[in-house]
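# Close look at the chain arrangement
Now for the letters of each chain:
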Amino acid sequence: MLGTVLAASTAVLAAPVTGLLGHRALRRAGNARLMRIDTPDGIEEQGYVRIGGIEQWISVRGEDRHNPVLLELHGGPGAPTSVFGPRTRAWERHFTIVRWDMRGADRTLARGGADGQGEPTFDQVLADAVEVTRHLRVRLGVDRVVLVGSSYGSVLGLRLARSHPELYSAYVGTDQNIHDAGRDTSTHRAFLERLRAAGKRRDLAAVEAMGPDRHRWTARQRAAYAKLSATSDPMTLHTMRTVVVGSLWLSPLHSLRGIGSYFKGMNHSETITDGTGHFDDWADGTDFDVPFFVFQGAQDVLTPPERARRFFDDVRAPVKGFALIEDAGHFAAFRHPDRFLELLLTMVRPAIGGPTTRPQAG
């Protein structure tokens, strides 16, 4: 979702300066200590890898390099999930977590600058994802990896899992985005009703003027729509302020300048959505040759669980699993990382040949 984090950040960054930076420094130092990996078979690598002709940032972390490799495709576009590292630290006890700043996002953008990103189109990022996966297979000595698509990353994830089963041991979608070429306008109608109920007449007029046909929207209109839709829902807005912006503010990886670079990456990546309005996931195919899972926030108004469930019900796969994460909307995996990990361990891990385990406290 474009621009939503920037909108929500105002409440955090407008707080009184006195004591704020000192508190931030202490919390960031604590998170840095939390993120240390010192186990004998652990792996902690981060740096630039040449992907698609440019230097792109990849992080590989886990307490046991023999654990399954999990490649996370971030949403936005342009919103890497490395900021959630402290919240998802327990995941690294059971999986080797790979986080990649896509073309045009955060550190990849900072490395080459706006003019050094090539064409940040959907097809190019999709090709980059295949190259990243092949790099990981060689670097980590594995045949296949677990693919996790989050929000806009799930649009990429469906297409990768469908067309490259030789690369992936399972697909997991969260905040799963399902395209149907615009046939179902229920989400749009519900959005308009939220705006009416809140008395937001100016926003309502702007959204009504756009119309429900996403084929006609520009990238900037899609970004504006996502921002307004997210901020019109109390749960989503609360999660952005406390989980998303809070994580970015306290990220040990992001200086104050780095926070600005993060937002620049979101703006730069807007054009990735160009040409996706016609996507139709049902027409593209519901047959998958890998285990297929969807873990969705029960109150998600941006990527509604009802639509994800309809698609899931039509999917044919060797193993399937669907779960709702209660008390969660969008960003469900990061609002409740413990619940998401439990689903990974009890549903996904057995499907890829691992033991059925549950996360341990502490």
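In this text, all values refer to a predicted model and were calculated from it rather than measured experimentally.

If you tally the helices and strands in the chain, you get 14 helices and eight strands. Over its C-alpha trace the chain gives a radius of gyration of 19 Å, about what one expects of a compact globule, namely 21 Å for 362 residues. C-alpha extents for the chain along the principal axes are approximately 60 × 55 × 40 Å. Contacts in the chain between residues at least 24 apart in sequence constitute 76% of all its contacts with a sequence separation of at least 6. For the chain, the accessible surface area stands at approximately 15,200 Å², while carbon and sulfur atoms represent 52% of it.

Below, the discussion takes up the packing of helix α4 (residues 122-140) against helix α5 (residues 152-163). With their axes 10 Å apart at the nearest point, α4 and α5 run at an angle of 65° to one another. The crossing of α4 and α5 is right-handed. Every residue of α5 that contacts α4 at Phe-122, Val-125, Leu-126, Ala-129 and Val-130 is listed here: Tyr-152, Val-155, Leu-156, Arg-159 and Leu-160. When the residues that make up the contact of α4 with α5 are grouped by side-chain class, the tally is nine nonpolar, no polar and one charged.

Let us now look at the pattern of salt bridges. One pass over the full model with this rule turns up 20 salt bridges. In this structure, the salt-bridge partner of Asp-128 is Arg-103, at a minimum N-O distance of 2.8 Å. One end of the pair, Asp-128, is in helix α4; the other, Arg-103, is in the loop between β4 (96-100) and α3 (106-112), with 25 residues separating them in the sequence. The residues Asp-128 and Arg-103 share a single accessibility class, namely buried. In the salt-bridge network here, residues are joined through shared partners; they are Glu-44, Arg-61, Glu-63, Arg-89 and Glu-92.

This part takes up unusual backbone geometry. Along the chain, Gly-76 connects to Pro-77 via a cis peptide bond; the corresponding omega equals -5°. Mapped onto the secondary structure, Pro-77 falls in the loop between β3 (69-73) and β4. Although it is not a glycine, Asp-106 sits at a positive phi angle of roughly 40°. Positionally, Asp-106 belongs in helix α3. Asp-106 sits in the buried class, given a relative accessible area of 3%. One non-glycine residue, Ala-181, adopts positive backbone phi at about 60°. Residue classification places Ala-181 among the partly exposed positions, given a relative accessible area of 27%.

This part covers the packing of aromatic side chains. Enumeration according to the criterion identifies 16 aromatic pairs in this entry. Pairing Tyr-262 with Phe-263 gives two aromatic rings, centres 6.3 Å apart and planes at 80°, and the pair type is edge-to-face. Considered together, Tyr-262 and Phe-263 belong to a single accessibility category, that of buried residues. The rings of Tyr-171, Trp-282, Phe-288, Phe-292, Phe-311, Phe-312 and Phe-322 are connected pair by pair, giving a single aromatic cluster. Sitting over the face of the ring of Phe-312, Lys-320 holds its NZ or CZ atom 4.4 Å from the ring centroid. When the ring centre of Phe-95 is taken as reference, the NZ or CZ atom of Arg-349 above it lies at 5.7 Å.

We now examine empty space enclosed by the protein. If you walk through the whole model with that rule in mind, you get three cavities of 30 Å³ or more. Its boundaries defined by the atoms lining it, the largest cavity holds a volume of some 720 Å³. Around the largest cavity, the lining comprises 36 residues; the ones closest to its centre are Asn-177, His-179, Arg-214, Tyr-225 and Leu-302. Sorting the residues of the lining of the largest cavity by element identifies α6 (186-197), α8 (219-231) and α12 (305-314) as the ones contributing at least two each.

The next point concerns α5. Counting buried residues along α5, 11 of its 12 residues qualify, which places the element largely inside the surrounding structure. All buried positions along α5 are accounted for by Tyr-152, Gly-153, Ser-154, Val-155, Leu-156, Gly-157, Leu-158, Arg-159, Leu-160, Ala-161 and Arg-162.

Attention now goes to the confidence of the model for the chain. Interpreting fine coordinate detail is not advised for predicted regions of low pLDDT. In the predicted model, the chain carries a mean pLDDT of 90, and 93% of its residues have values of at least 70. Below pLDDT 50 for its whole length, residues 1-15 participates in 43 contacts with residues either more than four positions away or in separate chains.

Our focus in this paragraph is the environment of Val-172. Here Val-172 lies in strand β6 (residues 168-174). The class for Val-172 is buried, based on a relative accessible area of 0%. Val-172 sits 120 residues away from Phe-292 along the chain, and the two C-alpha atoms are 6.3 Å apart. Val-172 has contacts with Val-146, Leu-147, Val-148, Gly-149, Phe-293, Phe-295, Phe-340, Leu-344 and Val-348, leaving out every residue within four places of it along the chain.

Moving on, we get to the pairing of β3. Within β3, five of the five residues are buried, leaving the element largely enclosed by the surrounding structure. Taking every second residue as pointing to the same face, both faces of β3 are buried, with Val-69, Leu-71 and Leu-73 on one and Leu-70 and Glu-72 on the other. Relative to β4, β3 runs parallel, the two sharing four bridges. Paired with Val-69 across the two strands is Thr-96, which belongs to β4. Sheet topology note: the β3/strand β5 (residues 145-150) ladder contains four bridges and is parallel. From the neighbouring strand, Leu-70 faces β5, where its bridge partner is Val-146.

What counts and how
Residues numbered from 1 in each chain as written. Predicted model: local features only at pLDDT ≥ 70, side-chain atom pairs only at ≥ 80, totals over all residues. Heavy atoms only, no water. Helix = DSSP H or I, 4+ residues; strand = E, 2+ residues; numbered from the N terminus. Rg over C-alpha atoms; globule rule 2.2 N^0.38 Å. Contact = heavy atoms within 4.5 Å. Areas by Shrake-Rupley, 256 points an atom, 1.4 Å probe, with all protein chains shown as cover. Axes fitted to C-alpha atoms, helices over the stretch in contact; angles between N-to-C directions. Left-handed = near helix turned anticlockwise from the far one by under 90°. Nonpolar A, V, L, I, M, F, W, Y, C, P; charged D, E, K, R; others polar. Salt bridge = Lys/Arg side-chain N within 4 Å of Asp/Glu carboxyl O. Buried < 20%, exposed > 50% of the residue type's maximum accessible area, 1.4 Å probe, protein only. Phe/Tyr/Trp six-rings, centres within 6.5 Å; stacked < 30°, edge-to-face > 60°. Lys NZ or Arg CZ within 6 Å of the ring centre and 35° of its normal. 1 Å grid on protein atoms, 1.4 Å probe; cavity = no way out; pocket = protein on both sides within 12 Å on 5 of 7 lines; lining within 4 Å. Points joined across faces, edges and corners; volume = space filled by probe spheres on them. pLDDT = per-residue confidence, 0-100. Pairing = 2+ DSSP bridges.

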